[in-house]
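Here is how the chains run, residue by residue.
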Amino acid sequence: MGYGGAQEQDKHKVKGFKDNETICAVSTPPGFGGIAVIRISGPQSFEISRKIVHFLPEEPETHKIYFGTLNSFIEKTAIDEVLVSTFHQGKSYSGEETVEISCHGSPAITQWILQELVSAGARIADRGEFSYRAFINGKIDLVQAEGVLELVESQSKRAIQQGLRQLKGGLSLKLKNIQSDLLYVLANIEAAIDFSTEDIEVLNKETLFARTKRAEETLGILLSTYEHGRLLIEGLQVVLFGAPNVGKSSLFNLLLEEARSIVTEIPGTTRDVVESILLLDGVRVAFFDTAGIRESGDSVEKIGVQKSRESQSKADVIFFLFDGSRLFSSADVEILRGLDLKKVLILGNKIDLFLESEDQRRNKLKAVLKKSDLFLNQNELDLFVQKKVLFISTKENKSREIVLNSLREHLTNNQLEDEAVISQARHFENLSRAADFIKQGNEAISHGADAEFVALDFKAALICIQETLGERFDDQIMDFVFKQFCIGK
Amino acid sequence: MSGFDFDVIVVGAGHAGIEACLAPARLGLKTAIVTTNIDRIGYMSCNPSIGGLAKGHMVREIDVLGGEMGLAADATCIQYKRLNSGKGPAVRGTRVQSDKHKYSAYMCDRLRNEPALSIIKGEVKKLILNKSCCEGVVLSDGSQLRARAVIITTGTFMNAVMHFGLRQVPGGRIGDDSTVGISNQLAEFGFSILRLKTGTPARLDKDSIDWSKTTAQYGDEKVFPFSFRSPKVLPLPQIACYLSRTTAKTHQIIRDNLHLSPMYSGIIEGIGPRYCPSIEDKIVRFADRDSHQTFLEPEGLNTNSIYLQGISTSLPESVQDLFLRTMPGLENVKILKYGYAVEYDFIEPTQIWHRLETRNIGRLFLAGQINGTSGYEEAAAQGFIAGVNAAHLVLGRPEFVLGRDQAYIGVLIDDLITKGTLEPYRMFTSRAEHRLALREDNTIERLKIDSERIGILSKTDQDKSTEIVNARSELYININETKIYPNQETLFKLAAIPTSALTKSVSLADLLRRAEVNVFHLQSFGIEFFNDPLIFEPVEIAIKYEGYIKRQNELIAQAKKFEELLLPLDLLYSDIRGLSREEVEKLCRVRPRTLGQAQRISGVNPSAIQAIMVFLKSKKSRQEAGFV
Ligand SMILES: Cc1cc2nc3c(=O)[nH]c(=O)nc-3n(C[C@H](O)[C@H](O)[C@H](O)COP(=O)(O)OP(=O)(O)OC[C@H]3O[C@@H](n4cnc5c(N)ncnc54)[C@H](O)[C@@H]3O)c2cc1C
Ligand SMILES: Nc1nc2c(ncn2[C@@H]2O[C@H](COP(=O)(O)OP(=O)(O)OP(=O)(O)O)[C@@H](O)[C@H]2O)c(=O)[nH]1
Ligand SMILES: [Mg+2]
């Protein structure tokens, strides 16, 4: 028996099924275009949009266009300059209160904006949901209807292609495993209910629990990859780090192909963190030039050093520069000690100054590193020096490609490592719901709740998984039951 | 009566036929039931029991709507059980064992006493068709009976063949001939007709069984009759069933003789029920088990015949003789009737509408096993719905269809006509996506309005159900609105339950939601409910499980928007852009009545549903603009 009070039951409320939710989606075709339009529709469209569209007036007029800067609700930074159109309820395409944001057409930006809107309370629209709402609200007329149909057709085809790409790399495999665990559990629960009087062997609680726990864990791991998957879409943060005067600002300027940062031969030139963005094969990469690390009496420089340290902690990748025309110093070792080595790529700069073979340089570096206690064993050190050390010169253009290639490798490498990665907000949302339901179901089992209630949770979870996979529910459980059990008359 | 002998003719007096003829007769229509064997009206061809999970739910639904099955089962019950009584409220199901001869006699008596109903002995050979409309039937003696509507409920009889091992005998069930004619005529008309098979176990002589080697199983003491119209005390004495099992020896004999089973030698083409597998099936499919249990069930109070539950077989008699005697208690058993399988024609159910009228022949209704189902309750449910709809057709009233969120009967019929079936369809609770809302305890609330709309129940019976509903809602309100406060007296009463103390005032409903509190505890707080489970049980369930029920209702509301979008029957799916050829083909075959039903057709994708919606809307505006 496990029914506490009303409060306990309230958390079982179905999430995300309500039709009066506010939905959002990119309405223009995916990929790079001049501009992209994001549509927000539903009763809270103005309220939700206002969280990032600060310039939206208290009471926007209908069919009016406003211009301004979109601000991040999550990170408090500017996102893009945009045009925002507003439509009152009954006067929009969907018939609901609607906001359309025209932004610059890069996926990095549109995904970012969607993410912001979801955090502000909107939900990612289902395929064709705007048209559905328009239909329900009686807003589609003959001409529009035919246009929409074409759109729906082409959208679903594209979505399938997209889905295929999305689901490669093992995500769909993992989801299928979760699905089959859930099916298995449901089949057992349903059989226990429907054939309770027959002499069938229904699995005990522990065995079922093992499956549902496994499903919960796998889903948890998948959900945690969202951060990384999102990174692929939302971009990479790369911090340039190291001692003063090693050439960080020079590299920064080389990579961005403009003189953003001041370069002098005086150590301690850069005092503040400088940021600039580069699109690398469609991925948004943000580079941060930082102040060189050293003990300084100068209070301004001290603050700069402090900021450098902070920025590296948020980085996905750290370019650790040292002066490659000299030995890797003990100061360098000390700076390196404070970093997460998994993120570090060591760049030996200024190789134009000192003619030495790359092997010689590598061996010297290895000798220094070996003396430090940074590596657990020789093997780890060998691997690091071989894979994570590059020699460059900011005076040579080809170094730019060398560095960028290493980033490309990083992007694809990581993808392979976590073979299954969630990168779409829609998947994330669906699977989060599934995870919630499984958790509820597991709690229900451990409270000793009756089977039919436990089944409600796992069925809801299964539907979320199948929605993500684009599969239908059908009679899978019954089929499974019949395959598994011996059922008498 | 302008050339018509009857308003409605029902062919077949099995469980479907009975409900199908009583409904129109009780609505005052001149009705006839034609059957080959008057002694076997409402005969239980297989197990001597009514109800079970999901099936018991349907019996109660039939009862509230005005059908007879529940009353008959209560009146002839010799063992009452509420299955899963220790489990959650939606999966408790009533199952009774009936005295099968008394059951049949009860039904026969009901039919005989129905003033508007004529019982006719005869075999229907043919339907009288006028273009694509059915106007009556032709009997084997050549006589014609004309009617405004015809309902066929011929069960396992059409072109039926019985199998005893490799020996085949034409026959619809032991002791009855098969019937030939109707299905052939329908096939010629273009209906798709398929084969199914089902089997039954041997019947044993009570006096030849060593009962000391079996374990007695008794029914429940607490009884909740199927019908709210039945007396609260069962009229017949209650008896026990007995548990025995198969042994390794049994399995060995069966395995050695599989080649003599018509299923395994490939003689039977019909597909058998997966959930009522024969003992041969079980032994092949679950090869690692060396024993299966069985119940020895008396078929009545005054008969020696014992039904051997779970051991249906079509092996030859000689093999049955051998293997039965390897089971504890059956060492010297005398067999009264051998087990056998029957193979018969059924009409693919996607060819009928929800009202059970066929799509291609008007005024012709089909109900029962002929539609691919198995089981008495499934048959009765369809019989009732067909009877009501035939009556409505004659009376010019709108069709009567139940929703999936309303009744198991709604799920049954929607499944059959939307998905079709390739094996005998049996109802399960897991077929109902809104299971938590379809409980035995709230049947009256679910169907009362529909029942009144049909109008079969007498005024007295309707008043009785109104009284029940009122008493429940009064109690519900009372428990919800009575507050208790954390004073000395309350704390004392709580400690007596025992349950934890209060810190602030709560309603009795809040208190009842505590796991350790039940409705009886509320008596000490001044709640009266006259100790009638018919009243307090549903209220207790509604309060205790309120959160889950609410959640189920949300899902129902969610599904509803699709169920409310009606699709015109003349919709030309091939004109709709965005549908695949396969989708068009499936939609044309099923011709769904709502968008929700369209969604349930397997192989119809969400994008197709979109496309249909858009098409409909554009058509509407075209009409409004005067283009069509
Ligand atoms: C061997 C066997 C095994 C079975 N096994 C199972 C099982 O495992 N599980 C289960 O749930 N159910 C089983 N049953 C099925 C169960 O009996 C049926 O589901 C139920 O009886 C169907 O009801 P019905 O009204 O559709 O048809 P039936 O009860 O079969 O009644 C048909 C009626 O139609 C009459 N009739 C037929 N043709 C004509 C005609 N041309 N003219 C006039 N009258 C006609 C017959 O005389 C009979 O009265 C089995 C039945 C048999 C025979
Ligand atoms: N020969 C040579 N000189 C370089 C190279 N890269 C940088 N320099 C010089 O090194 C000096 C320092 O360069 P910066 O880019 O300002 O170094 P930094 O790391 O940003 O220094 P701080 O901002 O002081 O921490 C400048 O005089 C550069 O011209 C290189 O690859 N080869
Ligand atoms: Mg610098």
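Residues numbered from 1 in each chain as written. Chains lettered and ligands numbered in written order. Predicted model: local features only at pLDDT ≥ 70, side-chain atom pairs only at ≥ 80, totals over all residues. Heavy atoms only, no water.

Engineer: It is not clear to me how the overall build of chain B should be interpreted in this structure. Could you clarify?
Structural biologist: Summing up its helical and strand segments, chain B has 19 helices and 22 strands in all. Here the C-alpha atoms of chain B give a radius of gyration of 26 Å, agreeing with the 25 Å that 2.2 N^0.38 yields for 628 residues. Along the first, second and third principal axes, the C-alpha atoms of chain B reach 85 × 80 × 50 Å. Counting the 628 residues in chain B, one finds 62% classified as buried. A separation of at least 24 residues holds for 73% of the contacts in chain B among residues at least 6 apart in sequence. (Helix = DSSP H or I, 4+ residues; strand = E, 2+ residues; numbered from the N terminus. Rg over C-alpha atoms; globule rule 2.2 N^0.38 Å. Buried < 20%, exposed > 50% of the residue type's maximum accessible area, 1.4 Å probe, protein only. Contact = heavy atoms within 4.5 Å.)

Engineer: Looking at this structure, how should I read the overall build of chain A?
Structural biologist: The number of helices and strands found in chain A is 17 helices and 12 strands. Looking at the 489 residues of chain A, the share that counts as buried comes to 52%.

Engineer: Sorry if this is basic, but what is going on with the pairing of strand 1 (residues 6-11) of chain B here?
Structural biologist: In summary, the side chains of a regular strand alternate between the two faces of the sheet. All names here are of chain B. Buried residues dominate strand 1, accounting for 6 of its 6 residues. By the bridge criterion, 5 bridges tie strand 1 to strand 9 (residues 144-152) in an arrangement that is parallel. Each residue of the ladder has a partner; that of valine 8, found in strand 9, is alanine 149. Direction of pairing for strand 1 relative to strand 2 (residues 31-35): parallel, over a ladder of 4 bridges. Paired with valine 11 across the bridge in strand 2 is valine 34. In the classification by handedness, the crossover that spans strand 1, the intervening helix 1 (residues 15-26) and the parallel strand 2 is right-handed. (Pairing = 2+ DSSP bridges. Right-handed = clockwise from strand over helix to strand, strands pointing away.)

Engineer: Would you explain the sheet that holds strand 5 (residues 93-98) of chain B in this entry?
Structural biologist: Strands belonging to one sheet form pairs held by backbone hydrogen bonds; the direction of such a pair is parallel or antiparallel. All names here are of chain B. Spatially, 3 strands are ordered 3-5-4 in an open sheet, and the strand pairing comes out antiparallel. Unpaired on one side and paired on the other, strand 3 (49-51) and strand 4 (77-83) mark the two borders of the sheet. Recorded for the sheet is a direction-independent mean angle of 20 degrees between the axes of neighbouring strands. (Axes fitted to C-alpha atoms, helices over the stretch in contact; angles between N-to-C directions.)

Engineer: I would appreciate a short explanation of the site of ligand 2 in the present structure.
Structural biologist: All names here are of chain A. Neighbouring ligand 2 are 23 residues, the closest being Ser250, Gly268, Thr269, Asp352 and Thr394. For ligand 2, an oxygen atom lies 2.5 Å from a polar atom in the side chain of serine 250. Protein burial of ligand 2: of its 650 Å² of free accessible surface, 91% is covered by the chains. A per-element tally of the shell around ligand 2 places helix 9 (residues 248-256) first, with 3 residues. Tallied by class, residues from the shell around ligand 2 come to 6 nonpolar, 12 polar and 5 charged. (Near = heavy atom within 4 Å. Polar contact = N/O pair within 3.5 Å; in protein donor to acceptor, adjacent residues only side chain to side chain. Areas by Shrake-Rupley, 256 points an atom, 1.4 Å probe, with all protein chains shown as cover. Nonpolar A, V, L, I, M, F, W, Y, C, P; charged D, E, K, R; others polar.)

Engineer: Just checking my understanding: could you explain helix 9 of chain A for this structure?
Structural biologist: Along an α-helix, a turn takes 3.6 residues, which lines up residues three or four apart on a common side. Residues and elements named next belong to chain A. Within helix 9, 8 of the 9 residues are buried, which leaves the element mostly enclosed by the surrounding structure. Regarding helix 9, the residues found buried are Lys248, Ser249, Leu251, Phe252, Asn253, Leu254, Leu255 and Leu256. Directly beyond the C-terminal end of helix 9, a positive phi value near 55 degrees is found at glutamate 257.

Engineer: Would you mind showing me how to read the pattern of salt bridges here?
Structural biologist: Side chains that differ in sign of charge can pair as their charged atoms come close. Summed over the entire model, instances satisfying the criterion amount to 66 salt bridges over all chains. In this structure, the salt-bridge partner of Glu216(A) is Lys213(A), at a minimum N-O distance of 3.8 Å. Of the two residues, Glu216(A) and Lys213(A) are both situated in helix 7 (residues 205-224); the distance of 3 residues between them amounts to about one turn of the helix. On the basis of relative accessibility, which here comes to 35%, the residue Lys213(A) falls in the partly exposed class. Lys448(B) serves as the salt-bridge partner of Glu452(B), at 2.7 Å between the closest nitrogen and oxygen. Here Glu452(B) and its partner Lys448(B) are both found in helix 11 (residues 443-454), 4 residues apart, which amounts to about one turn of the helix. Through salt bridges with shared partners, one network takes in Arg404(B), Asp414(B), Asp415(B), Lys419(B), Glu433(B), Glu563(B) and Arg600(B). (Salt bridge = Lys/Arg side-chain N within 4 Å of Asp/Glu carboxyl O.)

Engineer: Where do I start with the confidence of the model for chain A in this structure?
Structural biologist: Low-confidence regions, as indicated by low pLDDT, have predicted coordinates that should not be scrutinised in detail. Residue and element names in this part refer to chain A. Taken over all residues, the pLDDT of chain A has a mean of 78, while the share at 70 or more is 75%. Ignoring residues within four places in sequence, the model shows residues 1-18, a span with pLDDT below 50, making 46 contacts including any to other chains. In the model, residues 472-476 has pLDDT below 50 throughout and makes 13 contacts with residues more than four positions away in sequence or in other chains. (pLDDT = per-residue confidence, 0-100.)

Engineer: In this structure, what is going on with the coordination of the magnesium ion (ligand 3)? I would like to understand it.
Structural biologist: Residues and elements named next belong to chain A. The protein atoms donating to the magnesium ion (ligand 3) are Ser249 (OG) and Thr270 (OG1), with metal-donor distances spanning 2.0 Å. Of this pair, serine 249 sits in helix 9 while threonine 270 sits in the loop between helix 9 and strand 8 (274-280), placing them 21 residues apart in sequence. Threonine 270 matches serine 249 in its accessibility class, with the two residues each being buried. (Donors = N, O, S within 2.8 Å, 3.2 Å for Na, K, Ca; no water.)

Engineer: Explain the environment of Ile385(B) here, please?
Structural biologist: Residues and elements named next belong to chain B. Positionally, isoleucine 385 belongs in helix 9 (residues 376-395). Judged by its relative accessible area of 1%, isoleucine 385 falls in the buried class. In the structure, isoleucine 385 is positioned 214 residues away from glutamine 599 in sequence and 24 Å away in space, judged by C-alpha atoms. Apart from the residues lying within four places of it in its own chain, the contact partners of isoleucine 385 are His354, Arg355, Leu356, Phe400, Leu402, Ile409 and Ile413.

Engineer: It is not clear to me how empty space enclosed by the protein should be interpreted in this structure. Could you clarify?
Structural biologist: Sizing a probe to match a water molecule and rolling it over the atoms shows the empty space that remains. For the structure shown, the criterion picks out 9 cavities of 30 Å³ or more. In this structure, the second largest cavity encloses a volume near 80 Å³. Broken down by class, the residue content of the lining of the second largest cavity amounts to 4 nonpolar, 2 polar and 4 charged. (1 Å grid on protein atoms, 1.4 Å probe; cavity = no way out; pocket = protein on both sides within 12 Å on 5 of 7 lines; lining within 4 Å. Points joined across faces, edges and corners; volume = space filled by probe spheres on them.)

Engineer: Can you help me understand the sheet that holds strand 14 (residues 215-217) of chain B in this one?
Structural biologist: Residues and elements named next belong to chain B. Taken in spatial order, the 6 strands of this open sheet run 14-15-16-17-13-18, and their pairing is antiparallel. Only two strands of the sheet have a single neighbouring strand rather than two, namely strand 14 and strand 18 (335-337). Adjacent strand axes in the sheet meet at a mean angle of 35 degrees, parallel and antiparallel pairs treated alike. The pairing of strand 14 with strand 15 (residues 241-245) spans 3 bridges and is antiparallel. Following the sheet pairing, threonine 215 is matched in strand 15 by leucine 243.

Engineer: Explain the nonpolar core here, please?
Structural biologist: Burial of nonpolar side chains together is a common tendency in soluble globular proteins. Grouped together as the largest cluster of nonpolar side chains are 124 residues, with contacts concentrated most on Ile50(B), Ile409(B) and Ile479(B). Looking at this core element by element, the count peaks at 10 residues for helix 9 of chain B. Grouped together as the second largest cluster of nonpolar side chains are 54 residues, Leu256(A), Leu280(A), Val333(A) and Leu381(A) included. (Core = buried A, V, L, I, M, F, W, Y, C linked by side-chain atoms within 4.5 Å.)

Engineer: Please explain the packing of aromatic side chains as it appears in this structure.
Structural biologist: The way to describe two aromatic rings as a pair is by their centre distance and the angle between their planes. Under the criterion given, the structure shown has 9 aromatic pairs over all chains. Ring plane angle 20 degrees and centroid distance 5.1 Å describe the contact between Phe453(A) and Tyr545(B), whose orientation is recorded as stacked. A residue pair is termed interchain when its members come from two chains, as with Phe453(A) in helix 16 (residues 451-469) and Tyr545(B) in the loop between helix 15 (533-544) and helix 16 (546-563). As far as burial versus exposure is concerned, Phe453(A) and Tyr545(B) are alike and both buried. Here a set of aromatic residues connected by ring pairs shows up, and it is made of Phe320(A), Phe322(A) and Phe328(A). Lying over the aromatic face of Phe209(A), Lys213(A) brings its terminal NZ or CZ to 5.6 Å of the ring centre. (Phe/Tyr/Trp six-rings, centres within 6.5 Å; stacked < 30°, edge-to-face > 60°. Lys NZ or Arg CZ within 6 Å of the ring centre and 35° of its normal.)

Engineer: How do you make sense of the pairing of strand 7 (residues 236-242) of chain A when you look at a structure like this?
Structural biologist: All names here are of chain A. Most of strand 7 sits out of view: 6 of its 7 residues are buried. As defined by bridge partners, strand 7 adjoins strand 10 (residues 317-323) across 5 bridges and the pair is classed as parallel. In the strand pairing of strand 10, phenylalanine 241 is matched with phenylalanine 320.

Engineer: Got a minute to help me understand the confidence of the model for chain B in this structure?
Structural biologist: With 95% of its residues at a pLDDT of at least 70, chain B reaches an overall mean of 92. For this predicted complex, the interface confidence comes out at an ipTM of 0.79, alongside a pTM of 0.73.

Engineer: Quick question: what am I supposed to make of the packing of helix 1 of chain B against helix 4 (residues 100-112) of chain B here?
Structural biologist: Two quantities define a packed helix pair, namely the angle between the axes and the distance from one axis to the other. Residue and element names in this part refer to chain B. Across the interface, helix 1 lies against helix 4 with an axial gap of 11 Å and an inter-helix angle of 25 degrees. Classified by the angle between their axes, helix 1 and helix 4 sit roughly parallel to one another. For the pair helix 1 and helix 4, the sense of crossing is left-handed. Judged by residue contacts, His15, Ile18, Cys21, Leu22 and Arg26 of helix 1 engage Tyr103, Met107, Arg110 and Leu111 from helix 4. Looking at the contact of helix 1 with helix 4 residue by residue, the class counts come to 6 nonpolar, 1 polar and 2 charged. (Parallel < 35°, antiparallel > 145°, perpendicular 65-115°, else oblique. Left-handed = near helix turned anticlockwise from the far one by under 90°.)

Engineer: What am I meant to see in helix 13 (residues 378-387) of chain A here?
Structural biologist: Residues and elements named next belong to chain A. If you check which residues of helix 13 are buried, you get Leu381, Phe384 and Val385. The buried residues of helix 13 all sit within an arc of 95 degrees when viewed along its axis, so they share a single face. Residues of helix 13 that are exposed and point more than 90 degrees away from the buried face comprise Asn379, Gln386 and Lys387. Of the surrounding secondary structure, the elements contacted by the buried residues of helix 13 are strand 11 (344-349), helix 12 (358-371) and strand 12 (389-391). (Arc of directions from axis to C-beta.)

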